[in-house]
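Analysis of the macromolecular model
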Amino acid sequence: MSAMRRAIYPNRNFKILMLGLDNAGKTTVLYQLLNGGSPPTLPANEETVQLTRRVSFTIHDVGFQQPITRASLDNLFQDNHCQDLDGLIFVIDSSDQSRFEVAKRILRRILSSHDMTGVPVVVFANKQDLPQAVSPLEVTNSLSLSQVRHVQGTSATDGSGLTEGMRQLRRLVREFRQ
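Presented here is an overview of the structure given in this document. Model, not experiment: these values are computed from the prediction. (Residues numbered from 1 in each chain as written. Predicted model: local features only at pLDDT ≥ 70, side-chain atom pairs only at ≥ 80, totals over all residues. Heavy atoms only, no water.)

Two elements in contact, helix 4 (residues 100–111) and helix 5 (residues 136–143), have axes whose closest approach is 9 Å; the angle formed by their N-to-C orientations is 65°. The angle between helix 4 and helix 5 places the two elements in the roughly perpendicular class. In the crossing of helix 4 with helix 5, the sense of the turn from one axis to the other is right-handed. Across from F100, A103 and K104 in helix 4, the residues of helix 5 making contact are V139, S142 and L143. Taken together, the residues of the contact of helix 4 with helix 5 break down into 4 nonpolar, 1 polar and 1 charged. (Axes fitted to C-alpha atoms, helices over the stretch in contact; angles between N-to-C directions. Helix = DSSP H or I, 4+ residues; strand = E, 2+ residues; numbered from the N terminus. Parallel < 35°, antiparallel > 145°, perpendicular 65-115°, else oblique. Left-handed = near helix turned anticlockwise from the far one by under 90°. Contact = heavy atoms within 4.5 Å. Nonpolar A, V, L, I, M, F, W, Y, C, P; charged D, E, K, R; others polar.)

See the structure below:
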């Protein structure tokens, strides 16, 4: 690789926050990206995923346990999770339409934060492998995701859609940082 290309595309580690309701599949997504495995869920996980030789994402997996309160959302921003953020992955269980309205309220609250201004968002419509899952387009419509530039159908258990979603996130992050 030429010196000019390395100057234009230096090695970069991007800070990515991954959020979603409990049982949406966030931890499974994270560990599928790492090594195809899924350890037990902890309150918060942080891992670095090497996307390409020169691009890595440090992903902070933060889950919301029920009930989700205004205080728990405010704590998200006070705990420095959103400072200097390069991107957001919001994971939704596309097979559980009964929780779409809660997910919609949370995502809107997150996106309305000053810390999130302009930050690229990719939604993973997870659990597409389940028979009751709705399509990414239906997730987009149900959650009124006009601010989100990419909704990716995924199945964290078998890894389908994750690579495509991460490539889209990388593209959006690069645009955001230029």
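Moving on from the coordinates now.
For the rest of this paragraph, the subject is the side chain of Q32. With respect to the element layout, Q32 can be found in helix 2 (residues 26–35). Of note is the side chain of Q32, whose polar atom sits 3.2 Å from the backbone oxygen of T157. (Polar contact = N/O pair within 3.5 Å; in protein donor to acceptor, adjacent residues only side chain to side chain.)

Moving on: the side chain of Q152. Here Q152 shows up in strand 6 (residues 150–153). Ignoring anything within four residues of it in the chain, the contact list for Q152 reads V123, F124, A125, P136, G161, E164 and G165.

Of the two faces of strand 6, both are covered, the one formed by H150 and Q152 as well as the one formed by V151 and G153. Two strands pair when backbone bridges link them, and strand 5 (residues 121–126) and strand 6 are joined in this way by 4 bridges, in the parallel orientation. Its bridge partner lying in strand 6, A125 is registered against G153. (Buried < 20%, exposed > 50% of the residue type's maximum accessible area, 1.4 Å probe, protein only. Pairing = 2+ DSSP bridges.)

Functional significance is not addressed by these values, which are geometric in nature.
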